Amino acid sequence: MSRSIRYTLRALALLLSYPGGEVRAAVPELLAAIRDEAALPAPRRAELQAFGADLLRADPLEAEARYVELFDRGRSTSLHLFEHVHGDSRERGPAMIDLLKTYEAAGLRLEGRELPDHLCVVLEFASTQPTRLAKAFLGEMAHILRAIFSALRQRDSNYASLLAAVLELAGEKVEAVPVAPEESLDATWAEPVAFGGCSTQGQAAPGRPQPIQIVRRKAPQGASA
């Protein structure tokens, strides 16, 4: 029987979320869950312990500002997975719909305003599935996870340890891949030239952290349990 990875996935989802007061307060409990489930190799668990200690030592405002700068101000480190595949193309919408259908087929629905392709949502969903299915589901995204891991490592961010942990839970090799150069923020947020071909790139403000809650769909009245 496969070792459970449920609580480790849920802990990683929270550790990868915006480091507000509630998340920081939960860090010791999250690290204890990762330690007790022992789904990750000991060296990786030690890295995550170090990550948690660094987060708790940091000034709260600085930790929050670093998070926004890291994940909301660059495409290479974005936690919205389809950003790495579809960007602002028309394919992104149908991909979102397909992912929502995957959640609904498992009897779950997404509440809150976070998009379904955000890694924290993806990890929370995977935590509800049997280990074999969760690994296969995350394995389909391994190329995206490696790209984010590589971009974080290039920036010397200890958040790279969390992406490495996700790859290991998926049964995938943790290895760096080439990181494509990014446009400057000024270029990303530049207004398109009038009548010169519209682009949606950079037209939406960086996403603000939103609470994530995946809940099991209620069975129709009269349905058997």
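See the structure printed just above.
For clarity, every value in this text was computed on a predicted model and none was experimentally measured.

Undergrad: Can you lay out the packing of helix 1 (residues 6-15) against helix 10 (residues 160-169) for me, pointing to particular residues and giving the numbers?
TA: In contact at an axis separation of 11 Å, helix 1 and helix 10 are set at 155° when each is read in the N-to-C sense. Classified by the angle their axes make, helix 1 and helix 10 are roughly antiparallel. Between helix 1 and helix 10 lies a crossing of left-handed hand. Two secondary-structure elements touch here, helix 1 through Thr8, Leu9, Leu12 and Leu15 and helix 10 through Leu162, Ala165, Val166 and Leu169. Counted by class, the contact of helix 1 with helix 10 contains 7 nonpolar, 1 polar and no charged residues.

Undergrad: Would you mind going over unusual backbone geometry in detail, with residue names and values included?
TA: In this structure, Ala38 takes a positive phi of about 55° despite not being glycine. Within the secondary structure, Ala38 is located in the loop between helix 2 (21-37) and helix 3 (42-57). With relative accessibility at 27%, the residue Ala38 sits in the partly exposed group. Unlike most non-glycine residues, Asp156 shows phi in positive territory, near 55°. Tracing the backbone through its elements, the reader meets Asp156 in the loop between helix 9 (142-154) and helix 10. Residue class for Asp156 comes out exposed when judged on its relative accessible area of 72%.

Undergrad: Residues and numbers for the nonpolar core, please.
TA: Residues Leu12, Leu123, Phe137, Leu138 and Tyr159 are the most contacted members of the largest nonpolar core, which totals 55 residues. Looking at this core element by element, the count peaks at 8 residues for helix 10. Filtering out sequence-adjacent residues up to four positions away, Leu138 remains in contact with Leu9, Val122, Leu123, Ala126, Leu145, Val166 and Ala170.

Undergrad: Tell me about the environment of Leu12, and please be specific about residues and values.
TA: Here Leu12 lies in helix 1. Taking the C-alpha atoms as reference points, Leu12 and Glu124, 112 residues apart in sequence, are found 8.8 Å from one another. Setting aside residues no more than four positions away along its own chain, Leu12 makes contact with Ile34, Leu48, Leu123, Leu162, Ala165, Val166 and Leu169.

Undergrad: Could you give an account of the pattern of salt bridges, naming the residues involved and the relevant values?
TA: What the rule picks out here adds up to 10 salt bridges. In this structure, the salt-bridge partner of Arg73 is Glu69, at a minimum N-O distance of 3.5 Å. Arg146 is the salt-bridge partner of Glu175, the closest N and O atoms lying 3.9 Å from each other. Highlighted residues: Glu175 in the loop between helix 10 and helix 11 (185-188) and Arg146 in helix 9, separated in sequence by 29 residues. Assessed through its relative accessible area of 34%, Glu175 is described here as partly exposed.

Undergrad: Which residues make up the packing of aromatic side chains, and what are the values?
TA: Pairs of aromatic rings are described using the distance from one ring centre to the other and the angle between the two planes. Taken as a whole, this structure holds 7 aromatic pairs when the rule is applied. Plain terms: the ring middles of Phe51 and Tyr159 are 4.8 Å apart, the flat faces sit at 75° to each other, and that makes the pair edge-to-face. Residue Phe51 is located in helix 3, and its partner Tyr159 is located in the loop between helix 9 and helix 10; the two are separated by 108 residues in the primary sequence. Taken as a pair, Phe51 and Tyr159 share a single burial class, namely buried. Aromatic rings pair up to connect Tyr18, Phe51, Tyr67, Phe71 and Tyr159 into one cluster.

So, how was this worked out
Residues numbered from 1 in each chain as written. Predicted model: local features only at pLDDT ≥ 70, side-chain atom pairs only at ≥ 80, totals over all residues. Heavy atoms only, no water. Axes fitted to C-alpha atoms, helices over the stretch in contact; angles between N-to-C directions. Helix = DSSP H or I, 4+ residues; strand = E, 2+ residues; numbered from the N terminus. Parallel < 35°, antiparallel > 145°, perpendicular 65-115°, else oblique. Left-handed = near helix turned anticlockwise from the far one by under 90°. Contact = heavy atoms within 4.5 Å. Nonpolar A, V, L, I, M, F, W, Y, C, P; charged D, E, K, R; others polar. Buried < 20%, exposed > 50% of the residue type's maximum accessible area, 1.4 Å probe, protein only. Core = buried A, V, L, I, M, F, W, Y, C linked by side-chain atoms within 4.5 Å. Salt bridge = Lys/Arg side-chain N within 4 Å of Asp/Glu carboxyl O. Phe/Tyr/Trp six-rings, centres within 6.5 Å; stacked < 30°, edge-to-face > 60°.

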